[in-house]
There are 4 protein chains.
Amino acid sequence: MIVEMNKGASDEQVEHVVERAHSYGFEVQLNLGTEKTVVAILGGNTGKVQTDVFAVLPGVESVTRVMKPYKLASREFHPRASKVNVSGVEIGGQRVVVMAGPCAVESEEQLMETAKGVRECGASIVRGGAFKPRTSPFSFQGLEEDGLKLLSKVKTDLGMPVITEVLDTPHIKIIAEHADILQVGARNMQNFALLKELSKLRHPILLKRGLSATVAEWLTAADYLLAEGNRRVILCERGIRTFEDSVRFSLDISSISVIKHISHLPIIVDPSHAAGHFAYVPSIAKAAIAAGADGLLIEVHPNPEEALVDSLQALTIPNFERLMAELRPIAEAVGRYI
Amino acid sequence: MIVEMNKGASDEQVEHVVERAHSYGFEVQLNLGTEKTVVAILGGNTGKVQTDVFAVLPGVESVTRVMKPYKLASREFHPRASKVNVSGVEIGGQRVVVMAGPCAVESEEQLMETAKGVRECGASIVRGGAFKPRTSPFSFQGLEEDGLKLLSKVKTDLGMPVITEVLDTPHIKIIAEHADILQVGARNMQNFALLKELSKLRHPILLKRGLSATVAEWLTAADYLLAEGNRRVILCERGIRTFEDSVRFSLDISSISVIKHISHLPIIVDPSHAAGHFAYVPSIAKAAIAAGADGLLIEVHPNPEEALVDSLQALTIPNFERLMAELRPIAEAVGRYI
Amino acid sequence: MIVEMNKGASDEQVEHVVERAHSYGFEVQLNLGTEKTVVAILGGNTGKVQTDVFAVLPGVESVTRVMKPYKLASREFHPRASKVNVSGVEIGGQRVVVMAGPCAVESEEQLMETAKGVRECGASIVRGGAFKPRTSPFSFQGLEEDGLKLLSKVKTDLGMPVITEVLDTPHIKIIAEHADILQVGARNMQNFALLKELSKLRHPILLKRGLSATVAEWLTAADYLLAEGNRRVILCERGIRTFEDSVRFSLDISSISVIKHISHLPIIVDPSHAAGHFAYVPSIAKAAIAAGADGLLIEVHPNPEEALVDSLQALTIPNFERLMAELRPIAEAVGRYI
Amino acid sequence: MIVEMNKGASDEQVEHVVERAHSYGFEVQLNLGTEKTVVAILGGNTGKVQTDVFAVLPGVESVTRVMKPYKLASREFHPRASKVNVSGVEIGGQRVVVMAGPCAVESEEQLMETAKGVRECGASIVRGGAFKPRTSPFSFQGLEEDGLKLLSKVKTDLGMPVITEVLDTPHIKIIAEHADILQVGARNMQNFALLKELSKLRHPILLKRGLSATVAEWLTAADYLLAEGNRRVILCERGIRTFEDSVRFSLDISSISVIKHISHLPIIVDPSHAAGHFAYVPSIAKAAIAAGADGLLIEVHPNPEEALVDSLQALTIPNFERLMAELRPIAEAVGRYI
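Counting from 1, residues in each chain are numbered in the order their sequence is written. Think of it this way: whatever chain is written first is A, whatever ligand is written first is 1, and the rest follow in order. Selection of residues for local features in this predicted model requires a pLDDT of at least 70, selection of side-chain atom pairs for listing and counting requires 80 or more, and totals for whole chains, interfaces and linings are taken over all residues. Here the side-chain values reflect all heavy atoms present in the structure, with hydrogen atoms and water set aside.

Caption draft 1: Representation of the packing of helix α3 (residues 108-121) of chain C against helix α11 (residues 317-333) of chain C within the structure. Residues and elements named next belong to chain C. Axis lines are fitted through C-alpha atoms, for helices just across the contact stretch, and the angle between N-to-C directions can take any value from 0 to 180 degrees. Starting at the N terminus, helices and strands are each numbered in turn, a helix being any DSSP run of H or I of at least four residues and a strand any DSSP run of E of at least two. Contact geometry for α3 and α11: axes closest at 9 Å, N-to-C directions at 25°. What the angle tells us is that α3 and α11 run roughly parallel. Between α3 and α11 lies a crossing whose hand is right-handed. Residues E113, T114, G117, V118 and C121 of α3 touch α11, and the partners they reach there are I317, F320, E321, M324 and R328. Ten residues, namely Ala, Val, Leu, Ile, Met, Phe, Trp, Tyr, Cys and Pro, are considered nonpolar, four, namely Asp, Glu, Lys and Arg, are considered charged, and the remaining ones, Gly among them, are considered polar. Across the contact of α3 with α11, the residue classes tally to five nonpolar, two polar and three charged. Each angle receives one of four descriptions, namely roughly parallel if under 35 degrees, roughly antiparallel if over 145, roughly perpendicular if within 65 to 115, and oblique otherwise. The sense of a crossing depends on the near helix, which, turned anticlockwise from the far helix by less than a right angle, makes the crossing left-handed and, turned clockwise, makes it right-handed. In what follows, residue pairs with any heavy atoms lying within 4.5 Å of each other are defined as contacts.

Caption draft 2: Local environment of the nonpolar core. Within the largest apolar cluster, 171 residues are counted, with the highest numbers of intra-cluster contacts made by L198(B), L207(B), F320(B), L198(D), L207(D) and F320(D). With near-sequence residues (within four places) excluded, L198(D) lies in contact with V166(D), I172(D), L182(D), V184(D), I205(D) and L225(D). Core analysis: the second largest hydrophobic core is formed by 170 residues, C121(C), A274(C), A291(C) and L315(C) among them. The definition of a nonpolar core used throughout is a set of buried Ala, Val, Leu, Ile, Met, Phe, Trp, Tyr and Cys residues joined through side-chain atoms within 4.5 Å. For every residue, the accessible area obtained with a 1.4 Å probe (protein chains only) is divided by the maximum for its type, and the residue is called buried under 20%, exposed over 50%, and partly exposed between those limits.

Caption draft 3: Representation of the relation of the copies chain C and chain A in the model. Structural alignment of chain C on chain A gives an RMSD of 0.0 Å, achieved by rotating through 180° and translating 0.0 Å along the axis. Both copies are brought into coincidence by an operation consistent with a two-fold rotation axis. The rotation axis passes nearest to the C-alpha of A287(C) in chain C, at a distance of 2.0 Å. Least-squares superposition of the copies uses the C-alpha atoms of those residues scoring a pLDDT of at least 70 in each of them.

Caption draft 4: Spatial organisation of unusual backbone geometry. Residue S87(A) is not a glycine yet carries a positive backbone phi of 45°. Looking at where S87(A) falls in the secondary structure, it is placed in the loop between β5 (84-86) and β6 (89-91). Judged by its relative accessible area of 52%, S87(A) is exposed. Even without glycine at this site, E144(B) takes up a positive phi of about 55°. With respect to the helices and strands, E144(B) occurs in the loop between β8 (125-127) and α4 (145-158).

Caption draft 5: Highlighting the relation of the copies chain B and chain A. Of the transformation superimposing chain B on chain A, the axial component is 0.0 Å and the angular component is 180°, with the fit at an RMSD of 0.0 Å. Looking at the interface residues of chain B, 100% of them are also at the interface in chain A, so both copies use one shared face.

Caption draft 6: Molecular detail of the packing of helix α10 (residues 281-291) of chain C against α11(C). All names here are of chain C. In the contact formed by α10 and α11, the axes pass within 9 Å of each other and the chain directions differ by 20°. Taken together, the axes of α10 and α11 lie roughly parallel to each other. For the element pair α10 and α11, the recorded crossing hand is right-handed. Two secondary-structure elements touch here, α10 through V281, P282, A285, K286, I289 and A290 and α11 through L323, E326, L327, I330 and A331. For the contact of α10 with α11, the residue count by class is nine nonpolar, no polar and two charged.

Purely geometric numbers; function is a separate question.
Structure, rendered in structure tokens:
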């Protein structure tokens with residue numbers, strides 16, 4: 001950490017900073033500039049201490065981190081890219097993994113028709129919400145446990161791994177019995193109680209980026225999941241909140257290469273929730289693969305007009321088929337395959 | 001809802017929209033413009049239906065809400081301003097209610113010293129976190145149940161109501177035994193599982209605005225809390241995420257008058273988490289009262305240098321005393337008192 | 001426009017709205033809902049009138065546009081995609097056009113070395129700033145007229161069209177003598193005096209998106225350029241301001257498909273200013289082409305360490321060569337070529 | 001500046017950083033941490049150099065500023081608060097200065113009626129736009145020179161100073177002949193050509209904050225105005241662009257105390273353009289004064305229904321009178337007067 005003292009800070013004030021650094025076991029080096037003193041606080045664990053610890057001291061103007069606030073998710077900690085194996089499907093390898101399915105599980109027919117459809121087009125994992133986070137209490141809230149059972153049936157009948165969202169700690173146990181990947185939604189990225197409980201599992205966890213989370217905050221949330229030894233964490237960029245209103249969320253395309261530089265975790269992209277409209281999904285999906293994403297999470301519904309949730313962003317099965325055909329040459333152009 | 005058809009939409013497409021509206025029991029009126037047809041969909045419950053239901057139909061260009069997505073929190077639903085009684089302290093009345101205390105409960109001495117100090121200065125409710133939502137898993141996570149007991153002691157010994165945060169559904173029961181107000185933090189504003197469980201209580205609930213929640217989304221989250229008949233919901237503006245980095249969050253001062261226009265719920269302001277720095281707290285606190293806020297939630301610590309959490313934003317007790325003296329004439333200037 | 005009246009608005013208030021609509025020559029249709037009256041105001045020119053004209057009337061709750069605020073830039077106005085011919089290079093056709101060169105023209109050697117380098121790699125237009133918009137008055141402000149002459153020399157010697165930025169109306173004349181494309185920078189997107197003067201030219205104009213401009217505002221700014229009959233307008237997405245700080249600006253990848261849907265103008269992407277760091281430029285450039293962009297604007301410098309402006313985002317010539325090799329198969333994967 | 005080297009950066013790479021620092025005349029101090037080397041670059045002028053100069057060097061991970069990018073506008077440079085005298089009206093003193101008038105000058109009657117009305121209520125400066133920056137080319141663009149003459153007439157007849165906006169460098173001369181304060185609009189805050197020309201005047205300049213400008217960028221733009229010796233610069237907070245859509249812009253209330261801490265320049269607030277709706281103007285205006293603003297810029301129109309520009313945000317004269325009566329006790333509560 002770099003502590004910049006005020007112009008005119010006293011020697012006692014500088015000494016106070018030094019003592020506090022020593023109390024944490026950190027080394028200190030003083031930089032006596034012509035106008036200001038700058039104290040460098042050094043040590044491998046400075047990332048674990050809040051900057052406030054120094055900023056609150058008298059005579060301090062500002063404190064800047066050098067060590068990142070996250071550690072376990074960083075590439076410095078784990079230089080090689082991690083791959084996450086999901087019941088035989090590898091995420092983070094050469095294959096671009098496509099997870100597809102309806103926003104919400106609505107019925108056996110709907111789920112099975114979609115799952116078969118997307119499998120034929122080349123998707124390798126089925127998505128479907130059983131517990132749904134809805135902005136309004138008057139909206140359909142999901143089939144809950146019945147939905148989980150339908151997902152299990154897909155898994156058994158079609159041999160495809162399934163991913164579904166977990167909203168609350170008491171549901172973790174039952175969801176873990178049915179799902180191959182447990183998904184933490186954007187609105188729960190900093191639901192720390194949920195993250196802590198999930199960190200005790202050994203299942204793959206998909207961590208969606210919060211609507212207003214910086215990349216650094218996202219990786220710090222990933223540290224919660226990694227803290228108990230689970231290494232199977234997958235990141236999912238799904239758009240951030242900005243002032244632009246032609247789409248639901250602005251997909252942060254640069255986060256893909258930033259994550260690849262600073263983290264070892266695989267990253268996939270959800271173009272459906274970002275766009276909020278099926279017409280914009282293909283363009284974003286193609287961009288994601290070209291940018292280096294390890295996979296996609298796409299909403300598909302056999303009959304979007306009748307979908308109970310987020311119908312506007314779902315692709316029909318023929319539209320999904322067309323998109324998959326367009327994605328293949330792009331994956332090849334970046335040295336991968338679908 | 002107003003459904004705008006594409007230029008050149010067919011009569012069949014318009015008819016399809018009309019049929020769908022009828023299937024929900026809505027009335028319809030067609031507006032045949034020179035360039036486009038516009039379908040007005042009318043009825044008191046249109047706010048409960050997603051716009052996607054119509055947007056997904058062929059030939060539709062856009063759908064605009066007329067009815068708001070929230071209902072129970074709206075002033076149309078409940079024209080008179082609501083007041084929330086918290087163990088004898090009324091929020092939303094003529095008195096500006098100040099809640100103050102440490103970010104985290106650290107020890108009996110710390111909590112008791114702070115509570116006595118803020119009471120002497122005129123605060124009427126004590127705040128203190130027992131379960132702490134921390135962005136990093138390496139940070140202090142709160143005293144948990146021991147912290148709750150200390151809050152209960154303050155309540156008994158000093159006769160002051162207490163407010164504390166609830167992070168997870170399994171904690172609700174025990175927190176409800178100790179706290180007068182249960183606080184939902186910004187990062188949990190759309191933790192719908194938590195909101196649903198809380199809606200079953202009859203305790204006052206303080207709902208902080210999410211970091212990237214619009215006012216409309218905030219009121220829709222309040223609808224979750226109001227849906228089971230609990231009427232004691234208090235809103236708390238605490239700053240939103242923007243590009244500005246001189247403060248932690250940008251306090252949305254206009255939300256106060258917007259909420260007063262469109263909602264009946266009382267609204268208080270947390271200047272501490274918005275500013276992130278004690279030096280900026282007084283200016284924001286004064287602005288909040290002048291703008292019409294019903295109260296303040298302020299962090300105070302007897303010795304911020306030693307605080308375990310967010311030390312930079314805490315006021316010392318003498319600084320809090322000075323602020324309270326500055327706030328009184330402003331409250332009077334807007335026809336209220338502290 | 002759709003005018004929603006307050007619950008309880010009087011007949012006189014509704015009548016007042018109707019009269020005002022008639023005074024503009026618009027048609028009106030009343031929608032008498034159970035709770036509220038909604039007035040639809042119809043006519044091809046409603047997009048040219050501010051919503052305030054109705055919102056200010058007593059009894060009005062809200063006003064929503066149906067017609068867009070922009071017209072000339074819209075696809076409804078001009079259904080076929082426009083192509084812009086720049087001295088023989090077509091932008092918006094099947095070829096993805098790459099414009100490359102230094103941020104600022106620094107010397108004849110620097111400019112000529114870069115221009116030759118990027119031409120060999122396949123770039124077809126040379127970029128270079130002569131008048132530089134710098135956030136600090138203490139920074140290098142460009143070679144000004146001498147820089148323009150060097151650009152003209154490149155044009156003559158290498159036969160490549162050149163693009164350069166115009167900052168101020170008095171410079172337009174001289175820049176138009178030297179440049180093939182005049183660029184309006186992001187910070188001037190709503191410098192309406194500049195836009196109005198530029199609309200009188202018949203040169204191609206590149207209009208960068210403003211840092212905080214919505215897509216609709218961007219197209220409305222384009223309407224200024226199109227208003228006097230110049231049809232040669234090219235849009236350039238260069239990132240918007242968000243809370244994310246790992247890059248300088250967040251490139252809005254979805255704007256590409258949104259623009260392709262609602263506008264006929266060609267759109268290119270500037271990955272260099274968005275990323276702010278050379279390491280992130282290739283990933284964004286690849287994504288842009290996959291998403292459907294018509295071209296790229298990339299900063300290249302023979303020796304970034306010595307660049308006078310924005311050195312961190314410039315690619316070296318070998319790095320640019322590598323990027324061009326990576327871009328070609330992606331262009332082919334989307335049915336285009338470079 | 002603090003240069004953080006990569007883990008594993010070589011001695012040559014560190015040496016390269018040191019040499020570059022020396023080449024600028026800066027001092028250097030090395031901090032050899034256990035994991036990383038950190039180079040502190042010291043000297044009073046480091047704020048004038050781009051961080052890129054070091055960030056581009058091999059082995060560098062990040063560069064952080066200690067000196068701010070702005071200098072002349074900083075309180076470190078000029079510790080006492082500046083007061084700006086405008087034809088006898090002092091801005092930045094104990095009096096809260098209210099500037100009021102129509103968005104656009106429309107006619108002599110309209111301007112004179114408004115000016116007399118606001119003077120009677122206690123405003124001391126008249127505002128009115130002659131050259132109007134309009135987002136759409138189809139909107140009313142202002143009376144231009146005729147508008148300036150009307151402003152001069154007000155000045156002569158009523159003895160009130162006037163403020164009007166300048167959009168383009170060729171207009172500066174004529175506007176400077178008529179106006180007491182020249183206003184730079186939000187969309188021109190980084191129109192550097194305009195700022196440079198204005199810096200040659202000795203008139204007071206009001207610099208509105210850009211829609212997406214950080215406080216640091218705003219002060220750096222102010223440095224342009226101060227660079228040639230003009231000291232009469234007034235800042236104006238007018239709201240920033242965020243995701244919130246219930247108002248036009250989110251007024252950044254914290255910017256007032258931030259500016260008071262880090263700059264010596266006076267700051268006023270424009271609640272009208274932030275709110276975009278007259279109903280929200282009073283609450284924001286009151287908050288601004290309580291927060292410590294030195295003045296207000298408010299839109300008033302004798303008949304908003306007939307206003308040609310931004311009619312929804314204008315106060316009627318009776319509403320302005322009521323607001324002024326409400327503002328007086330708040331000004332007194334913070335030790336000032338109106």
